Amino acid sequence: MIRGFAVLLGFQFFGELLSRWSGIPIPGNVIGMALLLAALGCGWVKLAWIEEAAELLLSHLALFFVPAGVGVMIYGGLIAREWLPISIATVVSTFVVMAVTGWVASLLDREGGEHAE
Amino acid sequence: MPSEFFATPLFGITLTIVVYALAQMLYRRTGSLFCNPVALSILGIILLLLACRIPYRSYAVGGHYILFLLGPSVVALAVPLYARRREIWARRTPILVGVAAGGLASVVSASGLAWLLGGSHDVVLSLAPKSVTTPIAISIVEKIGGIAPLTAALVVMTGCLGAICGPEFCRLIGLRNRVAIGLAVGTAAHGIGTARMLEVDRLGGAVAGLAIGLNGLLTAFLLPMLFLLFS
């Protein structure tokens, strides 16, 4: 478990370093995820080392968003003033994105499925 | 009670975990989608802080510790991706094209609708990256000139909506492909949607995790250029 956390935090740290250093607008943790994926692929990191720690974090992923959400309260005034454009744009656009993404992907997947393998 | 008592890490951490545990119990007991633990916990904590007149600043002292765990969790998303790498690689074209279409639809529909409905310049800009994961959304909005904390709030609201009814909505509009459903929820509702997808379906959850990164990258490159074009 500790080894798993060491690997995950280590990759986040290097991702953070790379993000700062290069100035690319990609957060360090996303770079860390890509690096870890590459390291797993190359066999430098074994899945067994990190499986337990990753499972623990991912099964509680939703909890970690709660403090960010509570931050909404600071902008209560602005949100209340422009509630109509904000709520309609947020709700409608979220459903539009799911429909567009899902339909495009499933349409292409059906075509690709016949040729693949 | 002296107010500095609440400005300790213990208060924010305890409040978050206790409220979340209660919300989870309620969610399991009722099985109602509207009792989504994240949305319910956020609402409950805000109401409690307001009722007790505890400033957000004090809560955030402990809240930051919980938020910190989001970092290694994003790195950990490499695990389900790696475990499902063959299924995902075989579908690389639908995944890439699907996220690109969804990412573009997100920016255009969110900012466009807010603009049509008379939203202020700040709100229109702050809404543009609302489907992108919080850290990327904030760096994007700083570049195009919206209000970063407002974007963070909108990102979380979007995520809750996608987590509450994303998988159900996808089935309602006739989607049956697990990769397509995971991709749709991940592209629209980033990490909060992914957390729900991981509960519903492991393959869908892995793809949703991938969609967070892909949509974030795509929007980070595309959006500043799009705004240069129109301004």
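Residues numbered from 1 in each chain as written. Chains lettered and ligands numbered in written order. Predicted model: local features only at pLDDT ≥ 70, side-chain atom pairs only at ≥ 80, totals over all residues. Heavy atoms only, no water.

Observations concerning the packing of helix 7 (residues 92-116) of chain B against helix 11 (residues 178-200) of chain B
Residue and element names in this part refer to chain B. Condition: Fitted lines through C-alpha atoms give the axes, limited to the stretch in contact for helices. The angle between two N-to-C directions lies from 0 to 180 degrees. Only DSSP runs of H or I reaching four residues or more are called helices, and only runs of E reaching two or more are called strands; each is numbered from the N terminus. For any helix crossing, the convention is left-handed if the near helix is rotated counterclockwise from the far helix by under a right angle, and right-handed if that rotation is clockwise. The contact criterion used is simple: two residues touch if any of their non-hydrogen atoms lie within 4.5 Å.
One can describe the packing of helix 7 onto helix 11 by two numbers: an axis separation of 10 Å at closest approach and a directional angle of 35 degrees. Two packed elements cross with a definite hand, and for helix 7 against helix 11 that hand is right-handed. Of the residues in helix 11, those in contact with P94, I95, G98, V99, G102 and G103 of helix 7 are V179, L183 and T187.

Description of helix 2 (residues 28-42) of chain A
Residue and element names in this part refer to chain A. This is how it is decided: Residue count minus one, scaled by 1.5 Å, sets the expected span of a helix. Burial here depends on accessible area, computed with a 1.4 Å probe over protein chains only, as a share of the maximum for the residue type. Under 20% is buried, over 50% is exposed, and the range in between is partly exposed.
The first and last C-alpha atoms of helix 2 sit 21 Å apart over 15 residues, in line with the 21 Å expected at 1.5 Å per residue. The complete set of buried residues in helix 2 reads G28, N29, V30, I31, G32, M33, L36, A39 and L40. Of the residues trailing helix 2, G43 is marked for its positive phi of about 85 degrees.

Description of the domain arrangement of chain A
Much of the literature gives interface size as the accessible area that the parts lose upon coming together. For clarity, the threshold we go by: Note that domain bounds follow an automatic or database assignment of domains.
In terms of domain boundaries, chain A breaks down into domain 1 (1-59) and domain 2 (66-117). Each of domain 1 of chain A and domain 2 of chain A has a C-alpha centre, and these two points are 27 Å apart.

Brief notes about the UniProt feature "transmembrane region" (unreviewed entry) in chain A
Residue and element names in this part refer to chain A. Put simply, the rule is: UniProt positions are given in the numbering used here, feature names are shortened, and annotations may be inferred rather than shown by experiment.
With numbering matched to this structure, UniProt assigns "transmembrane region" (unreviewed entry) to residues 30-49, 61-80 and 86-108. Between the end C-alpha atoms of residues 30-49 the distance is 20 Å, and the span holds 80% helix and 0% strand. Note that residues 86-108 is 100% helix and 0% strand, and that its end C-alpha atoms are spaced 33 Å apart.

Overview of the nonpolar core
Quick note on the threshold: In this text, buried Ala, Val, Leu, Ile, Met, Phe, Trp, Tyr and Cys residues form a nonpolar core when linked through side-chain atoms within 4.5 Å.
Grouped together as the largest cluster of nonpolar side chains are 77 residues, with contacts concentrated most on L36(A), V45(A), V66(A), V70(A), V38(B), I45(B) and L49(B). With near-sequence residues (within four places) excluded, I45(B) lies in contact with V66(A), V70(A), L15(B), T16(B), V19(B) and Y59(B). Grouped together as the second largest cluster of nonpolar side chains are 17 residues, I136(B), A137(B), V141(B) and V155(B) included.

Digging into unusual backbone geometry
Residues and elements named next belong to chain B. The phi dihedral of R53 falls on the positive side, at around 55 degrees, and the residue is not glycine. Tracing the backbone through its elements, the reader meets R53 in the loop between helix 2 (37-51) and helix 3 (56-68). For H190, which is not glycine, the phi dihedral falls at a positive 35 degrees. Its place among the elements puts H190 in helix 11. Here H190 falls in the buried class, since its relative accessible area comes to 1%.

Observations regarding the domain arrangement of chain B
Residue and element names in this part refer to chain B. Heads up, the condition is: As used here, buried area is the combined drop in accessible area, with a 1.4 Å probe, of two parts when they are placed together. We count a salt bridge whenever a side-chain nitrogen from Lys or Arg sits within 4 Å of a carboxyl oxygen from Asp or Glu. Polar contacts, as counted here, are pairs of nitrogen or oxygen atoms within 3.5 Å of one another; within protein the pair requires one atom able to donate a hydrogen and one able to accept it, and residues that are adjacent in sequence qualify only if both atoms are side-chain atoms.
Taken as a whole, chain B is organised into domain 1 (3-68) and domain 2 (76-230). Opposite the 6 residues of domain 1 that make contact, domain 2 presents 8 residues. Of the roughly 580 Å² buried where domain 1 meets domain 2, counting both sides, 74% is carbon and sulfur surface. The three residues of domain 1 that bury the most area against domain 2 are Y27, L33 and N36, which together make up 60% of that side's buried surface. Inspection of the domain 1/domain 2 interface yields 0 salt bridges. The interface formed by domain 1 and domain 2 contains 0 residue pairs in polar contact (both at pLDDT 80 or more). The element contributing the most residues to the side of domain 1 that touches domain 2 is helix 2, with 3 residues.

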